[in-house]
Amino acid sequence: MVTTEPAEATPSETRPPGFHIRWGWFLGCIAAGLVAIVIGWFVAAPAGRINYLTGLLLNVGTTLLLLGIVVLLERRIVDNAVRKFRNAAEEARGRMRDDFRIQVQDFSDRVSAEWAAASPEDIDAMKERTKRLSEKLADNYSRELADSYVDETPEAHDVAETPER
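Each chain carries its own residue numbering, running from 1 in the written order of its sequence. Side-chain atom pairs in this predicted model are given and counted only at pLDDT of 80 or more, local residue features only at pLDDT of at least 70, and totals for whole chains, interfaces and linings cover all residues. Side-chain descriptors were evaluated using all non-hydrogen atoms of the structure, hydrogens and water having been removed beforehand.

Comments concerning the overall build of the protein chain
Here is step 1 of the chain: The helix and strand tally for the protein chain stands at three helices and zero strands.
Here is step 2 of the chain: Secondary structure elements are defined from DSSP: runs of H or I of at least 4 residues count as helices, runs of E of at least 2 residues count as strands, and each element is numbered from the N terminus. Order of helices (α) and strands (β) in the protein chain, N terminus to C terminus: α-α-α.
Here is step 3 of the chain: Taking all 165 residues of the protein chain together, 7% fall into the buried category.
Here is step 4 of the chain: Note on definitions: a residue-residue contact is assigned when non-hydrogen atoms from the two residues lie within 4.5 Å. Within the protein chain, contacts between residues separated by at least 24 positions form 36% of all contacts whose residues are at least 6 apart in sequence. Think of it in three bands: with a 1.4 Å probe and only protein chains considered, a residue is buried below 20% of the maximum accessible area for its type, exposed above 50%, and partly exposed in between.

Observations concerning helix α2 (residues 49-117)
Here is step 1 of the chain: Over its 69 residues, α2 extends 100 Å from the first C-alpha to the last, a length consistent with the 102 Å expected when each residue adds 1.5 Å.
Here is step 2 of the chain: When we look at burial in α2, the residues that qualify are Leu56, Ala92, Gly94, Phe107 and Val111. To estimate how far a helix should reach, multiply one less than its number of residues by 1.5 Å.

A word on the packing of helix α1 (residues 23-43) against α2
Here is step 1 of the chain: Only the stretch in contact is used when a helix axis is fitted, and all axes are lines through C-alpha atoms; the angle between N-to-C directions ranges over 0 to 180 degrees. Here α1 crosses α2 at 155°, and the two axes come no closer than 9 Å. On the basis of the axis angle, α1 is roughly antiparallel to α2. As α1 runs across α2, the sense of the crossing is right-handed. Seen from α1, the contacting residues are Ala36, Ile37, Gly40, Trp41 and Phe42; seen from α2, they are Arg49, Tyr52, Leu53 and Leu56.
Here is step 2 of the chain: Only Asp, Glu, Lys and Arg are considered charged, only Ala, Val, Leu, Ile, Met, Phe, Trp, Tyr, Cys and Pro nonpolar, and every remaining residue, Gly among them, polar. Residues belonging to the contact of α1 with α2 are distributed by class as follows: seven nonpolar, one polar and one charged. Comment on the angle field: the value is read as roughly parallel under 35 degrees, roughly antiparallel over 145, roughly perpendicular from 65 to 115, and oblique elsewhere. Each crossing gets its handedness from the near helix: less than a right angle anticlockwise from the far helix is left-handed, clockwise is right-handed.

Points about a nonpolar patch on the surface
Here is step 1 of the chain: Two joining distances apply to patches: 9 Å for like charges and 5 Å for nonpolar side chains (Val, Leu, Ile, Met, Phe, Trp, Tyr), and every residue must have over 30% relative accessible area and no salt bridge. Areas reported as accessible are Shrake-Rupley estimates using a 1.4 Å probe. Residue values count occlusion only from the protein chains shown. One speaks of a salt bridge when a side-chain nitrogen belonging to Lys or Arg is within 4 Å of a carboxyl oxygen belonging to Asp or Glu. Together, Val60, Leu64, Leu65, Leu66, Leu67, Ile69, Val70, Val71, Leu72, Leu73 and Ile77 line one region of the surface with nonpolar side chains, adding up to about 1000 Å² of accessible area.
Here is step 2 of the chain: Relative to the helices and strands, Leu65 resides in helix α2.
Here is step 3 of the chain: Judged by relative accessible area, Leu65 falls into the exposed class, the value being 54%.

Focus: the pattern of salt bridges
Here is step 1 of the chain: Tallied over the full model, the rule gives two salt bridges.
Here is step 2 of the chain: Residue Arg101 pairs with Asp98 through a salt bridge whose shortest N-O separation is 3.3 Å. In this pair, Arg101 and Asp98 both sit in helix α2, three residues apart, roughly one turn of the helix.
Here is step 3 of the chain: Residue Arg101 is classed as exposed on the basis of its relative accessible area, which comes to 52%.
Here is step 4 of the chain: Taking the relative accessible area as the measure of exposure, Asp98 reaches 40% and is therefore partly exposed.
Here is step 5 of the chain: The closest approach of N and O atoms between Arg129 and Glu114, which form a salt bridge, is 2.9 Å. Taken together, the residues span a long stretch of sequence, with Arg129 in helix α3 (residues 123-152) and Glu114 in helix α2 at a distance of 15 residues.

Digging into the confidence of the model for the protein chain
Here is step 1 of the chain: The pLDDT value tells you how sure the predictor is about a given residue, anywhere from 0 up to 100. For the protein chain, mean pLDDT is 78; residues scoring 70 or higher make up 78% of the total.
Here is step 2 of the chain: For the protein chain, per-element mean pLDDT is lowest for α3, which scores 80, and highest for α1, which scores 87.

What follows is the structure, given as structure tokens:
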């Protein structure tokens, strides 16, 4: 059953799908990192603690740089790609709807003109002709729709047409 009223969103639906922070792992990694830093501080000789601190800060800076590049930049690239593909799909659907509306309007105009010119004796023949034309329109549109999907998915081609790999 289709309703037009908005459904209530539950707390689990407000989060984007596939996005879940595992807080146990996150806090565990932070705790393990801090423990490793403290152990390294005590293991280092007192005279070498300045070098240890310098190396530690260098490693933290490098890690933050890589985090920014790998995670944040990669996420933007993926988000942009997803948005472009989604927009392209929506545009293609819109073009298909517009093409179908034009075809239906042309069909409707043509059938209306034929019915206006028909005589009362031709009503049975006109009914049959209208039925044939409407079935032809539906078949042509279904074929065009199926062909557009086949053209977009190379995996859908016949195995006999695919060269051996």
